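Below are the chains, spelled out letter by letter.
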Amino acid sequence: MSEETTMNDCEEIGWSSSARTAATIALVAFLFVLVMGPLSNPVGSRDLTLPLGRTMSPFYQATFLGHGYRFFAPDPGPSHIVTYVVKREDGTVIQGSFPNRESISPRLLYHRWFMLSETIYNEYVSLYALPFEEVDRDLEASAEALKLAGRFSIADSINEERARNRRQFDDSRKRFDELVGGVASWLLKENEGVEVELFLLERAIASPLDVLTGIELDDPRFLTDPERIWPIPPLPAMGQIPSLEEGPPGTDSPLFEEPEGFVPPLSDPFPPEAAADGEGGGS
Amino acid sequence: MSSKKRRKRSSVNPDSQSVEDYVAGQLNGSDAGFIAQMGNWMRHIRNAWNGFWFRKSMPHTLGLMRILVGSMLVYTHVVWTLGLSAFLSPGGMIPDSYRYLVFDRSSSAWSLLDWFSTPGALMTVHWVCVAVLVMFMLGLFTRVTAVFSWLIVVSYANRATGALFGLDQINAFLVMYLMIGNCGGAYSLDNWLRKRKGRAGESPLMTSDVLTNVATRLIQVHLCIVYLFAGTGKLQGSTWWNGEAIWGALASYEYQTMDMTWLADYMWIVNLITLVSITWELFYPFLIWHRLTRPVFIALAVMIHLGIGASMGMMTFGLIMVYANMAFIEPATTKRCLSYLRIAQ
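Residues numbered from 1 in each chain as written. Chains lettered and ligands numbered in written order. Predicted model: local features only at pLDDT ≥ 70, side-chain atom pairs only at ≥ 80, totals over all residues.

S.K.: With reference to specific residues and values, describe the overall build of chain A.
M.R.: Regarding its fold elements, chain A presents eight helices and four strands. Ordered by position in the sequence, the α and β elements of chain A form the string α-α-α-β-β-α-α-α-β-α-β-α. Buried positions account for 27% of the 283 residues belonging to chain A. Contacts spanning at least 24 positions in sequence make up 61% of the contacts within chain A whose residues lie at least 6 apart. (Helix = DSSP H or I, 4+ residues; strand = E, 2+ residues; numbered from the N terminus. Buried ≥ 20, exposed ≤ 12 C-beta atoms within 10 Å, placed from the backbone. Contact = placed C-beta atoms within 7 Å.)

S.K.: Give me the overall build of chain B: which residues, what numbers.
M.R.: Scanning chain B from N- to C-terminus turns up 17 helices and zero strands. Burial statistics for chain B: of 345 residues in total, 46% are counted as buried. Intrachain contacts of chain B at a sequence separation of at least 6 include 73% that bridge at least 24 residues.

S.K.: Now, about helix 6 (residues 152–191) of chain A: what can you tell me, with residues and values included?
M.R.: All names here are of chain A. Given a rise of 1.5 Å per residue, 40 residues ought to cover 58 Å, and the 58 Å separating the end C-alpha atoms of helix 6 matches this to within 8%. Regarding helix 6, the residues found buried are Ile158, Arg175, Phe176, Glu178, Leu179, Val180, Val183, Ala184, Trp186 and Leu187. A positive phi of about 50° marks Glu192, the residue just after helix 6. (Expected span 1.5 Å × (residues − 1).)

S.K.: Explain the pairing of strand 3 (residues 193–203) of chain A to me, and be specific about the residues and the numbers.
M.R.: All names here are of chain A. With ten bridges joining them, strand 1 (residues 79–88) and strand 3 adopt antiparallel strand pairing. By the bridge assignment, Tyr84 is partnered in strand 3 with Leu198. Sheet analysis places strand 3 next to strand 4 (residues 227–230), joined by three bridges and oriented antiparallel. Along strand 4, the bridge assignment pairs Leu200 with Glu227. (Pairing = 2+ DSSP bridges.)

S.K.: Can you lay out the sheet that holds strand 4 of chain A for me, pointing to particular residues and giving the numbers?
M.R.: Residues and elements named next belong to chain A. One open sheet holds the four strands; their spatial order is 2-1-3-4, and the pairing between them is antiparallel. At either end of the open sheet lies a strand with only one pairing partner, and these are strand 2 (93–98) and strand 4. For this sheet, the mean inter-axis angle between neighbouring strands, taken without regard to orientation, is 25°. Of the pairings in the sheet, the one linking strand 1 to strand 2 comprises six bridges and is antiparallel in character. For Lys87, the partnering residue across the bridge sits in strand 2 and is Val93. Relative to the sheet, helix 4 (residues 107–128) contacts strand 1, strand 2, strand 3 and strand 4, its axis offset from that of strand 1 by approximately 95°. Where helix 6 meets the sheet, it contacts strand 1, strand 2, strand 3 and strand 4, and its direction lies at approximately 125° from that of strand 3. (Axes fitted to C-alpha atoms, helices over the stretch in contact; angles between N-to-C directions.)

S.K.: Let's hear about the nonpolar core: which residues, and what values?
M.R.: Ranked by internal contacts, the top residues of the largest apolar core, which has 127 residues, are Leu198 of chain A together with Val175 and Leu178 of chain B. Among the elements that line this core, the one with the most residues is helix 11 (residues 210–234) of chain B, at eleven residues. (Core = buried A, V, L, I, M, F, W, Y, C linked by C-beta atoms within 7 Å.)

S.K.: Before we move on, can you summarise unusual backbone geometry with the specific residues and values?
M.R.: All names here are of chain A. At the junction of Ala73 and Pro74, the peptide bond is cis and its omega measures out at -5° in the coordinates. Along the chain, Pro74 falls in the loop between helix 3 (49–63) and strand 1. Here the residue pair Phe98 and Pro99 is connected by a cis peptide bond, since its omega of 0° sits within 30 degrees of zero. Here Pro99 is to be found in the loop between strand 2 and helix 4. Backbone geometry places Trp15, a non-glycine residue, at a positive phi of 70°. Its 18 C-beta neighbours within 10 Å are what place Trp15 among the partly exposed residues. Even without being glycine, Tyr69 reaches a positive phi, approximately 55°.

S.K.: I'd love a proper account of the packing of helix 4 (residues 60–80) of chain B against helix 7 (residues 119–138) of chain B, names of residues and values included.
M.R.: Residue and element names in this part refer to chain B. Packing of helix 4 against helix 7 leaves a shortest axis separation of 8 Å and a crossing angle of 165°. One way to sum up the angle between helix 4 and helix 7 is to call them roughly antiparallel. Between helix 4 and helix 7 lies a crossing of left-handed hand. Each of Ile67, Gly70, Ser71, Leu73, Val74, His77 and Val78 in helix 4 lies in contact with helix 7, whose residues at this interface are Cys129, Val130, Leu133, Val134, Phe136 and Met137. Looking at the contact of helix 4 with helix 7 residue by residue, the classes come out as ten nonpolar, three polar and no charged. (Parallel < 35°, antiparallel > 145°, perpendicular 65-115°, else oblique. Left-handed = near helix turned anticlockwise from the far one by under 90°. Nonpolar A, V, L, I, M, F, W, Y, C, P; charged D, E, K, R; others polar.)

S.K.: Tell me about the interface of chain B and chain A, and please be specific about residues and values.
M.R.: Every contact between the two is made by 74 residues of chain B and, on the other side, 68 residues of chain A. Counting residues per element, the side of chain B that touches chain A draws most heavily on helix 11 of chain B, at nine residues. For the side of chain B that touches chain A, a count of residues per class yields 40 nonpolar, 25 polar and nine charged.

S.K.: Quick rundown of the confidence of the model for chain B? Include the residues and the values.
M.R.: All names here are of chain B. Within chain B, residue pLDDT values average 89, and 88% of them lie at 70 or more. Of the regions scoring below 50 in pLDDT, residues 1–14 engages in 14 contacts with residues more than four places distant in sequence or in other chains. The ipTM for the predicted assembly is 0.87, set against a pTM of 0.84. (pLDDT = per-residue confidence, 0-100.)

S.K.: An account of the environment of Ile154 of chain A is requested, with residue identities and associated values reported.
M.R.: All names here are of chain A. For Ile154, the location among the structural elements is in helix 6. Owing to 13 C-beta atoms within 10 Å, Ile154 belongs among the partly exposed residues under this scheme. When the C-alpha atoms of Ile154 and Leu209 are compared, they prove to be 54 Å apart, with 55 residues separating the residues in sequence.

S.K.: Go over the packing of helix 2 (residues 17–40) of chain A against helix 3 of chain A with me, naming the residues and quoting the values.
M.R.: Residues and elements named next belong to chain A. Where helix 2 contacts helix 3, the two axes come as close as 9 Å, and the packing angle between them is 120°. Taken as axis vectors, helix 2 and helix 3 run oblique relative to one another. The two elements helix 2 and helix 3 cross, and the hand of that crossing is left-handed. Contacts between helix 2 and helix 3 pair Val33, Met36, Gly37, Leu39 and Ser40 from the former with Thr49, Leu50, Leu52, Gly53, Met56, Phe59 and Tyr60 from the latter.

S.K.: Report on helix 5 (residues 132–148) of chain A, specifying residues and quantitative values.
M.R.: Between its first and last C-alpha, helix 5 of chain A extends 24 Å over 17 residues, near the 24 Å set by a 1.5 Å rise per residue. Gly150 of chain A sits one or two residues past helix 5 of chain A and shows a positive phi near 80°.

S.K.: Give a description of the environment of Arg101 of chain A that names residues and reports values.
M.R.: Residues and elements named next belong to chain A. Relative to the elements of secondary structure, Arg101 occurs in the loop between strand 2 and helix 4. On the basis of neighbour counts, which here come to 16 C-beta atoms within 10 Å, the residue Arg101 falls in the partly exposed class. A sequence separation of 119 residues divides Arg101 from Pro220, and the C-alpha atoms of the two residues are 15 Å apart.

Here it is, written out as structure tokens:
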């Protein structure tokens with residue numbers, strides 16, 4: 001649309017004045033809702049955009065709008081793989097993984113499986129990587145101290161936040177159970193199994209130096225130890241928040257053993273110093 | 001210039017007031033002049049707004065976009081056939097209980113597929129949906145099939161939550177806006193049939209109208225929002241600053257389809273592509289509107305999206321972004337190009 005045409009051809013403008021006014025109101029409201037989506041998802045301000053985003057969420061859900069659009073942001077990260085072991089009644093064992101470049105095609109279908117493994121990872125992180133109990137205990141202590149100081153309204157708002165956090169944590173746990181349980185049930189049904197175990201692995205990105213020294217991108221050294229995610233592992237005790245490398249207590253690694261003569265990847269593709277430099281030089 | 005003279009000039013051409021006049025009016029301290037200047041300024045804004053949204057527009061660009069977006073919708077949903085039992089059936093990997101929790105216990109995330117619980121019924125409905133999408137792509141009963149296509153896209157997306165990515169998001173908003181505009185007015189079977197029958201008294205489909213312009217503008221604005229947040233989100237990442245982000249994308253084993261690791265020998269190229277990508281994304285929402293910079297930004301969009309699509313196995317996403325960018329091509333240009341290529345109108 002050229003600017004000349006837009007600005008000069010007034011006779012081209014359609015609709016009556018009242019229709020344009022009504023449409024303007026609708027458009028401004030819609031654009032506000034549209035912008036509020038990425039302003040509240042995946043992160044937003046607690047007292048402004050997040051509550052507004054929550055209010056608009058029925059509209060977002062009904063129209064499949066309101067996404068964050070943070071493609072490959074803040075950084076392209078490691079990918080995540082789900083492996084499974086299905087045992088059949090006759091004792092045979094079926095092993096597999098997703099996403100699997102060799103066995104899943106076309107590429108779009110492969111990407112669906114890839115996104116599923118990433119969603120499972122995100123649910124895993126939201127459940128296991130947040131120090132919920134620790135935060136809750138700190139908030140409880142703050143609320144008690146404020147009550148003793150006679151500042152009841154602030155103490156009440158802190159307790160409300162605790163209740164909200166508790167609900168979110170419980171929801172995270174339920175979501176993880178339902179999703180991983182759904183995948184496990186489907187794998188059992190598809191493979192006619194009686195028992196299934198699921199594991200989550202993370203693959204680091206090879207650095208240029210790794211590639212130059214001849215290490216392949218699918219080298220097992222880039223994989224973390226598998227973390228059992230089904231049957232659901234117990235939640236970690238307070239102060240023992242695991243990473244994928246450490247894993248929650250009570251899990252083992254029957255599928256992938258560290259290869260003999262293990263040598264760690266030559267270098268971290270994105271070393272922490274680089275990140276610190278980047279942030280420090282932002283001014 | 002006195003306020004009297006200024007008022008006289010305003011009465012001759014009220015829209016000719018500039019920002020300088022407005023500021024001068026303020027500095028002169030004349031309340032009446034100030035109010036008049038404000039009125040003129042508001043008129044400027046109103047005219048610009050009306051020119052932007054409510055100008056009539058021909059349907060050629062939206063017609064071409066309907067074919068391209070429609071073909072992507074058909075492909076996307078045909079591929080869903082292979083994942084129907086895994087991702088979309090009630091007994092699949094994504095249980096209703098999970099969706100219920102993801103959508104915060106809301107029933108707003110509707111899906112037509114929820115009405116069909118048996119595998120046979122689901123498969124039948126699925127192929128009906130594909131048929132509707134084919135009709136939309138071809139421009140048959142477009143006004144109706146566009147609405148159903150949007151319902152289908154949202155239904156599948158809300159059903160397969162957890163297995164979605166950018167393609168689904170862009171598909172959904174493009175078909176929603178195409179539904180608003182007269183996307184069947186050009187390059188469609190509807191138009192062809194109307195011409196062939198030559199019914200007297202019927203208005204031709206290929207006419208300019210306001211809704212076509214509104215739909216085009218909404219696609220353009222939505223695309224700018226996508227790029228703005230994609231770009232600003234990247235500013236938080238250190239690898240977009242140190243120029244290694246594109247390496248992280250190219251060297252991801254799960255994404256890789258084309259071996260681009262030879263770039264490890266030429267990291268300056270990776271750094272350059274990274275910086276060009278983030279600069280392009282950040283400035284797109286502002287410079288795409290100017291006719292001098294628009295061709296550059298559209299050319300970069302095509303190169304970057306197709307490059308990512310080819311090397312990272314996301315050709316569907318790359319193509320749908322290129323299709324979305326076509327909203328910035330004027331209908332007259334689309335018509336000229338397709339006429340040149342001898343594609344029937």
